[in-house]
Amino acid sequence: MHNWMRPEPIERTIERLGRLGYDGIEISGEPGLYDVDHVRRLLEEHQVECWGAVTLMMGARDLCHEDRYMRIGSVEYVKDCLTLVSRLGGKIVTVVPSTVGKITPMGSPADEWRWCVESLRECQAHAETVGVRIGLEPLNRFETYFLNRCEQALALCEAVGGNMGVSLDTFHMNIEEADLIEAIHQTGDRLVDFHVADNNRMPPGHGALDWSAIVRALQTIGYQGHMTAEFVASPDRSAVSDREIGDASEAGGGPGMEKFLRDHSTGAVPEVYYDRYAQQSIDHLRAALAESASTV
């Protein structure tokens, strides 16, 4: 499960994951927040592994920015995330190339593609040095204009070279892919990581996606990595909500994180609801896995 959606002490996050039976964490890409030795001890104590990390592309983080020095700083940030994961024994880092929420191009398509390829090649070289694999994640058009579909991510992988792969996310795929299942097949052995939320970005089972079909597709291509829960419970200001979810400003984590959460349409979920959603996520996915296994 991710932890970027909930700014809280890492001790609480890892305890929850262990208690609810999660296998691993895809830790927020904020290397400065974590004492590696302490996090490693927590993971061992609660029998949770670090599967990887996800880059939090906010503020000045942008691998295809027109300013060369912004790109240099962003490359160093991704390298730091790769190093963090390596030190925690993880395997992957999901990279979103451009700033989430950036809606205005800074150059021609050819220029931005070139800037991104150059930046990612430096990141890829470091990834190979530390033994961590990068997965490029397409987001929906309302969060980025740069990388939206698996075919684009596959083309970027080819341009960069090495063992760079793709990270798919069911929420974004449901918006952008003509056929979600076919996109999984198309990605094939390039699939590095798989993020899961339903079509409404709530926990699996709260929406319309066919999780049994999704699991079967992952098994068909031989995917051996984690399915990483990434539900985002949105705030409800109406009088009919059964979820007491507040504004992002109540979640903590500083102004930058508040903006990031607000841009993702999430808020401060009370512990009782967050635990429930986390439990429902793992229960629904394990049920889909069990159903698929029984039909083999």
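Anything mentioned here points back to the structure above.
First, a word on scope: everything that follows refers to the structure included in this document.

Parameters at a glance
- Residues numbered from 1 in each chain as written.
- Predicted model: local features only at pLDDT ≥ 70, side-chain atom pairs only at ≥ 80, totals over all residues.
- Heavy atoms only, no water.
- Core = buried A, V, L, I, M, F, W, Y, C linked by side-chain atoms within 4.5 Å.
- Buried < 20%, exposed > 50% of the residue type's maximum accessible area, 1.4 Å probe, protein only.
- Contact = heavy atoms within 4.5 Å.
- Helix = DSSP H or I, 4+ residues; strand = E, 2+ residues; numbered from the N terminus.
- Axes fitted to C-alpha atoms, helices over the stretch in contact; angles between N-to-C directions.
- Parallel < 35°, antiparallel > 145°, perpendicular 65-115°, else oblique.
- Left-handed = near helix turned anticlockwise from the far one by under 90°.
- Nonpolar A, V, L, I, M, F, W, Y, C, P; charged D, E, K, R; others polar.
- Salt bridge = Lys/Arg side-chain N within 4 Å of Asp/Glu carboxyl O.
- Pairing = 2+ DSSP bridges.

Core analysis: the largest hydrophobic core is formed by 88 residues, its most contacted members being Met1, Ile27, Leu120, Leu136, Leu156, Ile184 and Phe194. The contact partners of Met1, leaving out residues within four places of it in the chain, are Leu17, Tyr22, Gly24, Ile25, Glu26, Thr228, Ala229, Phe231, Tyr274 and Ala278.

Next up on the list: the environment of Trp113. Note on placement: Trp113 falls in helix α4 (residues 109-130). Between the C-alpha atoms of Trp113 and Leu156, which are 43 residues apart in sequence, the distance is 8.3 Å. Excluding residues within four positions of it along the chain, Trp113 makes contact with Phe146, Gln152, Ala155, Leu156 and Ala159.

So, on to the packing of helix α3 (residues 68-87) against α4. Closest axis-to-axis distance for the α3/α4 pair is 9 Å, and the angle between their directions is 25 degrees. For the element pair α3 / α4, the angle class is roughly parallel. Crossing handedness for the pair α3 and α4: right-handed. When α3 is examined against α4, the residues Arg71, Val75, Val78, Lys79, Leu82, Thr83 and Ser86 are found in contact with a partner set consisting of Trp115, Ser119, Glu122, Cys123, His126, Ala127 and Val130. The class makeup of the residues in the contact of α3 with α4 is seven nonpolar, four polar and three charged.

Glycine aside, a negative phi is what most residues show, and trans is what most peptide bonds show. In this structure, Gln47 takes a positive phi of about 55 degrees despite not being glycine. Mapped onto the fold, Gln47 is located in the loop between α2 (36-46) and β2 (49-55). The class for Gln47 is exposed, based on a relative accessible area of 70%. The phi torsion at Arg201 lies on the positive side, around 65 degrees, for a residue other than glycine. Inspection of the secondary structure assignment puts Arg201 in the loop between β6 (191-196) and α8 (211-220). We classify Arg201 as buried; its relative accessible area is 6%.

The next point concerns the pattern of salt bridges. One pass over the full model with this rule turns up 18 salt bridges. Between Arg6 and Glu8 there is a salt bridge whose closest N-O contact spans 3.1 Å. There is no split in this pair, since Arg6 and Glu8 are both buried. Linking Arg6 and Glu271 is a salt bridge whose minimum nitrogen-to-oxygen distance equals 3.1 Å. Pair noted here: Arg6 is in the segment before α1 (10-20) and Glu271 is in helix α10 (residues 271-295), with a separation of 265 residues, a long-range link. Exposure remark for Glu271: the relative accessible area of 30% places this residue in the partly exposed category. Salt bridges sharing partners connect three or more residues here, namely Arg6, Glu8, Glu15, Arg16, Arg19, Glu271 and Asp275.

Time to look at the sheet that holds strand β3 (residues 92-95). What the seven strands build is an open sheet, ordered β1-β2-β3-β4-β5-β6-β7; its pairing is parallel. At either end of the open sheet lies a strand with only one pairing partner, and these are β1 (24-29) and β7 (227-229). When the angles between neighbouring strand axes are averaged without regard to direction, this sheet yields 30 degrees. Relative to strand β5 (residues 165-169), strand β4 (residues 133-136) is paired through two bridges, and the arrangement is parallel. In the strand pairing of β5, Gly135 is matched with Gly165. Sheet contacts for helix α7 (residues 180-187): β5 and β6; angle to β5, the most-contacted strand, approximately 165 degrees.

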